[in-house]
Amino acid sequence: MVRVQGGVMAAPVRLKSILALVTGGGSGIGRAVSQRLSQEGASVAVVDLNIKSANDTVQTLLRDFPGQDHAAFAADVSQSESVNALMELIQSRFSVPPRVAVSSAGITRDEFLLRMSEESFDAVLNINLKGPFLITQAVARAVVASGHNGGSIINIGSIVGKVGNLGQANYAASKAGVEGLTRTAAKELSKFGIRCNTVLPGFIATPMTDKVPQKVLDKFADMIPLGRLGQPEDVADVIAFLASDDSKYITGASIEVTGGLYL
Ligand code: NAD
């Protein structure tokens, strides 16, 4: 279906009546994904460690898409108790399991390998890799338990997981792991009609990249064939496609959203 506004073709509405869960929904890519899925007609469970930021995202959804139901939830995706409690809250709030799940929660703890602490390696792996594992497992279990198969799980990896990056041994390892996790989930969950794909952003302008010195960002921008850093909406557009039936024959794939960057 396509929304027509003032005679102009507007964005398609491909997710009408679908419940979507978005982790890291309080910031950057997760916020843009929440907005894009909502624009496509979905109700969104916006999940973040930072409940204030998740609430702020929900306020933008209720303002821009008032006919739909959205809610914010606080959860730590690296803790199974927190993810299990989250799923119970979502089930009782919306009465259905999420059919679309996007794992966008993530952190960086950059340091050169020779100086990297065990603590910062574990912290990045726990949030960036164990988090998508727990969310993928919990959402798939909820869909299977509902007796109504079908769904789309989208995990956010990174181009860095493919090619490595100075100072990011922990981050690159976590993001390479996300691809392996998601490809395996795609094979195991296809019999339940659940597709699983990874999106690999390049350098996207968000609070995460705000921490990177400007001269480093300028250097990367020069290396991007499309000539600019990405915007969160560039990633959200691809995720909306993967969430929708327009990608019904795609599973186990990794899609780069990098402006052509290959480090
Ligand atoms: P961001 O820092 O703007 O947002 C990340 C969100 O995750 C924050 O709201 C944070 O509170 C939340 N979060 C952190 N730990 C959490 C936890 N344990 N449980 C729940 N929520 C938690 O970052 P972003 O740039 O929007 O990144 C989103 C995803 O995209 C991340 O997985 C990141 O690794 C990936 N990515 C980003 C870029 C980029 O250039 N920005 C590039 C490649 C991949």
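Refer to the structure presented above.
Calculation rules
Residues numbered from 1 in each chain as written. Predicted model: local features only at pLDDT ≥ 70, side-chain atom pairs only at ≥ 80, totals over all residues. Heavy atoms only, no water. Salt bridge = Lys/Arg side-chain N within 4 Å of Asp/Glu carboxyl O. Helix = DSSP H or I, 4+ residues; strand = E, 2+ residues; numbered from the N terminus. Buried < 20%, exposed > 50% of the residue type's maximum accessible area, 1.4 Å probe, protein only. Pairing = 2+ DSSP bridges. Axes fitted to C-alpha atoms, helices over the stretch in contact; angles between N-to-C directions. Contact = heavy atoms within 4.5 Å. Parallel < 35°, antiparallel > 145°, perpendicular 65-115°, else oblique. Left-handed = near helix turned anticlockwise from the far one by under 90°. Nonpolar A, V, L, I, M, F, W, Y, C, P; charged D, E, K, R; others polar.

**With respect to the pattern of salt bridges**
- For the coordinates displayed, the defined rule picks out 12 salt bridges.
- One salt bridge in this structure joins Glu40 and Arg14, with 2.8 Å as the shortest N-O distance. You can see Glu40 sitting in the loop between α1 (28-39) and β4 (43-48) and its partner Arg14 sitting in the loop between β2 (8-12) and β3 (19-23), a full 26 residues away along the chain.
- For Glu40, a relative accessible area of 0% corresponds to the buried category.
- Given a relative accessible area of 23%, Arg14 falls into the partly exposed group.
- Arg36 is the salt-bridge partner of Asp237, the closest N and O atoms lying 2.8 Å from each other. Taken together, the residues Asp237 in helix α9 (residues 232-243) and Arg36 in helix α1 connect sequence positions 201 residues apart.
- According to the relative accessible area criterion, Asp237 is partly exposed, its value standing at 38%.
- Judged by relative accessible area, Arg36 falls into the buried class, the value being 14%.
- Here the salt bridges do not stand alone but share partners, grouping Arg14, Arg36, Glu40, Asp237 and Asp246 into one network.

**Description of the sheet that holds strand β8 (residues 194-201)**
- One open sheet holds the 7 strands; their spatial order is β5-β4-β3-β6-β7-β8-β9, and the pairing between them is parallel. Strand pairing shows two members of the sheet lacking a second neighbour, β5 (71-74) and β9 (254-257), which therefore form its edges. Here the strands of the sheet are splayed against their neighbours by 20° on average, with no regard to which way each runs.
- The sheet contacts of α1 involve β3, β4, β6 (100-103), β7 (151-156) and β8, and relative to β3 the element is tilted by about 170°.
- Along the sheet, helix α3 (residues 80-94) makes contact with β3, β4 and β5, crossing β5 at roughly 160°.

**Let's talk about the environment of Val22**
- Looking at the secondary structure, you find Val22 in strand β3.
- Residue Val22 is classed as buried on the basis of its relative accessible area of 0%.
- Distance in space between the C-alpha atoms of Val22 and Val124 is 19 Å, their sequence separation being 102 residues.
- Beyond its immediate sequence surroundings of up to four residues, Val22 is in contact with Gly30, Val33, Ser34, Leu37, Val44, Ala45, Val46, Val47 and Val102.

**Comments concerning the packing of helix α4 (residues 118-146) against helix α6 (residues 169-189)**
- Across the interface, α4 lies against α6 with an axial gap of 8 Å and an inter-helix angle of 15°. In terms of orientation, α4 lies roughly parallel with respect to α6. Considering the relative orientation of α4 and α6, their crossing is right-handed. Residue-level contacts link Ser120, Phe121, Val124, Leu125, Asn128, Leu129, Pro132, Phe133, Thr136 and Ala140 of α4 to Ala169, Asn170, Tyr171, Ala173, Ser174, Lys175, Gly177, Val178, Leu181, Ala185 and Leu189 of α6.
- Residue classes in the contact of α4 with α6 are distributed as 14 nonpolar, 6 polar and 1 charged.

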